[in-house]
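What follows is each chain in one-letter form.
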Amino acid sequence: MRRSEFPKSSVLPHIAFAKRSPLRAAGLFTAVGLASTLGYALGLAAAIGLGAMVSATMARPTRPPLDVAAKTAFDPSPFILNALLVPALDDDAPLRWVDPRPRLRCGPGTVVRVNGLPLRPGELVPDVPFELQWWTDECYPFGLQGPRFDGGVKLTVFREDWGFSAMVTPSGLSSTSAGTQVRIQPGSARLPQCIDAEGSQPCGL
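None of the values given here were measured: they were computed from a predicted structure.

A. Looking closely at the overall build of the chain. Within the chain, the regular secondary structure consists of six helices and seven strands. Tracing the chain from N to C terminus, the helices and strands come up as α-α-α-α-α-α-β-β-β-β-β-β-β. Here the chain holds 205 residues, and 37% of them are scored as buried. Contacts spanning at least 24 positions in sequence make up 58% of the contacts within the chain whose residues lie at least 6 apart. When the accessible surface of the chain is totalled, it reaches about 11600 Å², and 57% of it is carbon and sulfur.

So this is what it looks like as structure tokens:
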């Protein structure tokens with residue numbers, strides 16, 4: 001697809017929204033997340049009540065408390081393009097690179113490369129598949145209230161009719177939030193996350 005044919009109306013609103021409200025774009029505080037947290041809390045309460053009933057009739061060894069924080073830790077793997085691609089794109093077409101490190105408040109050890117070369121702000125984003133490589137040093141792609149990223153990752157990015165897709169190859173990349181560390185998993189990602197049943201455009205467009 002040539003740059004002149006790239007669907008500006010499809011992808012640019014998602015890029016702008018992800019930059020304007022990174023936590024909302026990643027769905028950190030959705031109703032689903034709240035419901036999941038409530039479900040864990042109710043399950044824990046039920047387990048405690050059942051344990052009390054059983055202990056009244058027979059002596060049983062006590063179990064260590066459940067690690068609720070580990071169960072409810074946010075895994076940003078599905079939102080890796082929101083975290084590390086969107087901040088590197090400008091808000092106009094044709095898409096050009098910008099330096100994402102100041103926006104993410106990254107530490108001095110952060111390195112960003114495109115196809116093996118240092119990212120050069122102002123250059124056009126390739127139409128063909130490209131590799132976006134990061135080594136993150138205390139980066140906060142979802143704001144200071146969100147998780148901190150440390151470690152490396154290679155994103156092999158493809159431009160689609162509806163946005164972007166990518167193959168994700170981490171090299172020790174992790175996110176840390178509220179003292180809980182989560183390893184970013186290898187796999188695939190897309191931006192936006194929701195695509196209609198025909199796979200032709202983002203949901204709601």
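Having seen the model, we can carry on.
B. Looking closely at the pattern of salt bridges. Here the structure, examined in full by the defined rule, presents five salt bridges. Between Arg101 and Asp99 there is a salt bridge, with its nearest N and O atoms 3.0 Å apart. Judged by relative accessible area, Arg101 falls into the partly exposed class, the value being 33%. Asp127 is the partner of Arg159 in a salt bridge, and the nearest nitrogen-oxygen pair spans 3.4 Å. In this pair, Arg159 is assigned in strand 4 (residues 148-159) and Asp127 in the loop between strand 2 (117-118) and strand 3 (130-139), connecting sequence segments 32 residues apart.

C. Structural view of the packing of aromatic side chains. Here the structure, examined in full by the defined rule, presents four aromatic pairs. With 6.4 Å between their ring centres and 80° between their planes, Phe74 and Phe142 make a pair best called edge-to-face. A residue pair is termed long-range when its members are at least 10 positions apart, and Phe74 in the loop between helix 4 (68-71) and helix 5 (80-84) and Phe142 in the loop between strand 3 and strand 4 qualify at 68 residues. Arranged with centres 5.5 Å apart and planes meeting at 85°, the rings of Trp97 and Phe130 form a pair that is edge-to-face. Residue Trp97 is found in the loop between helix 5 and helix 6 (101-104), and its partner Phe130 is found in strand 3; the two are separated by 33 residues along the sequence.

D. The arrangement of unusual backbone geometry in detail. Here Ala93 and Pro94 are connected by a cis peptide whose omega angle stands at -5°. Here Pro94 lies in the loop between helix 5 and helix 6. Following Leu191, the chain continues into Pro192 via a peptide bond in cis, with omega recorded as 0°. Tracing the backbone shows Pro192 in the segment after strand 7 (187-191).

E. View of the side chain of Thr176. Looking at the element boundaries, Thr176 is found in strand 5 (residues 164-177). Those residues in contact with Thr176 that lie beyond four places of it in its chain are Pro147, Arg148 and Gln181.

F. Spatial organisation of the environment of Arg96. On the secondary structure map, Arg96 appears in the loop between helix 5 and helix 6. The residues contacting Arg96, other than those within four sequence positions of it, are Ala88, Leu89, Asp90, Gly122, Glu123, Leu124 and Val125. From its side chain, Arg96 meets the backbone oxygen of Gly122 in a polar contact 2.9 Å long.

G. Representation of the pairing of strand 4 within the structure. Buried residues dominate strand 4, accounting for nine of its 12 residues. Here strand 3 pairs with strand 4 via nine bridges, running antiparallel. The partner of Thr136 across the bridge, within strand 4, is Gly151.

About the criteria used
- Residues numbered from 1 in each chain as written.
- Predicted model: local features only at pLDDT ≥ 70, side-chain atom pairs only at ≥ 80, totals over all residues.
- Heavy atoms only, no water.
- Helix = DSSP H or I, 4+ residues; strand = E, 2+ residues; numbered from the N terminus.
- Buried < 20%, exposed > 50% of the residue type's maximum accessible area, 1.4 Å probe, protein only.
- Contact = heavy atoms within 4.5 Å.
- Areas by Shrake-Rupley, 256 points an atom, 1.4 Å probe, with all protein chains shown as cover.
- Salt bridge = Lys/Arg side-chain N within 4 Å of Asp/Glu carboxyl O.
- Phe/Tyr/Trp six-rings, centres within 6.5 Å; stacked < 30°, edge-to-face > 60°.
- Polar contact = N/O pair within 3.5 Å; in protein donor to acceptor, adjacent residues only side chain to side chain.
- Pairing = 2+ DSSP bridges.

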